[in-house]
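Structure at a glance
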Amino acid sequence: MNLLIVDDEIYAIQGIIDGVDWSRLPELTVLTANSYAQALNHFVTEEIDILLCDIEMPYGSGLDLVEWVKEHH
């Protein structure tokens, strides 16, 4: 199972990663993206099961990303 965390602020992603005990979820692979474009690339190359996404990002919002995912997956 893959989790994709998307946020243009690296410290926000790091805070989420540091705040969760991932050892309790051994079947989960955590992927990260710092932009809308990087997130799209993950969706094209990986099977994403869970998306955790920031809403406000430059060059494509989290809402744009969710709309794209709904249309393509």
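Residues numbered from 1 in each chain as written. Predicted model: local features only at pLDDT ≥ 70, side-chain atom pairs only at ≥ 80, totals over all residues. Heavy atoms only, no water.

**Points about the confidence of the model for the chain**
- Averaged over all residues, the pLDDT of the chain is 95; the fraction at 70 or higher stands at 100%.
- Taken element by element, the chain is modelled with least confidence in helix α3 (residues 62–72), mean pLDDT 94, and with most confidence in strand β1 (residues 2–6), mean pLDDT 98. (pLDDT = per-residue confidence, 0-100. Helix = DSSP H or I, 4+ residues; strand = E, 2+ residues; numbered from the N terminus.)

**A look at the sheet that holds strand β2 (residues 29–33)**
- An order of β2-β1-β3 is seen for the 3 strands of this open sheet, with the pairing classed as parallel. The sheet is open, and its two borders are formed by β2 and β3 (50–53), each paired with just one other strand. With strand direction ignored, the average angle separating the axes of adjacent strands in the sheet is 20°.
- Relative to β2, β1 runs parallel, the two being bridged by 5 bridges. Counterpart to leucine 4 in the pairing with β2 is leucine 31. (Pairing = 2+ DSSP bridges. Axes fitted to C-alpha atoms, helices over the stretch in contact; angles between N-to-C directions.)

**Observations regarding α3**
- Of the positions making up α3, those classed as buried are Gly62, Leu65, Trp68 and Val69. Along the axis of α3, the buried positions cluster into a sector of 115°, meaning they face one direction only. Exposed residues on α3 whose side chains face more than 90 degrees from its buried face are Leu63, Lys70 and Glu71.
- With a side-chain oxygen lying 3.2 Å from the backbone nitrogen of leucine 63, the N-terminal cap of α3 falls on serine 61. (Buried < 20%, exposed > 50% of the residue type's maximum accessible area, 1.4 Å probe, protein only. Arc of directions from axis to C-beta. Polar contact = N/O pair within 3.5 Å; in protein donor to acceptor, adjacent residues only side chain to side chain.)

**What to know about the pairing of β1**
- Of all 5 residues in β1, 5 are buried; the element is thus mostly enclosed.
- Neither face of β1 is exposed, since Asn2, Leu4 and Val6 on one face and Leu3 and Ile5 on the opposite face are all buried.
- Read from β1 through helix α1 (residues 10–19) to β2, the crossover connection turns out right-handed.
- Inspection of the sheet shows β1 paired to β3 by 4 bridges, in the parallel sense. By the bridge assignment, leucine 3 is partnered in β3 with isoleucine 50. (Right-handed = clockwise from strand over helix to strand, strands pointing away.)

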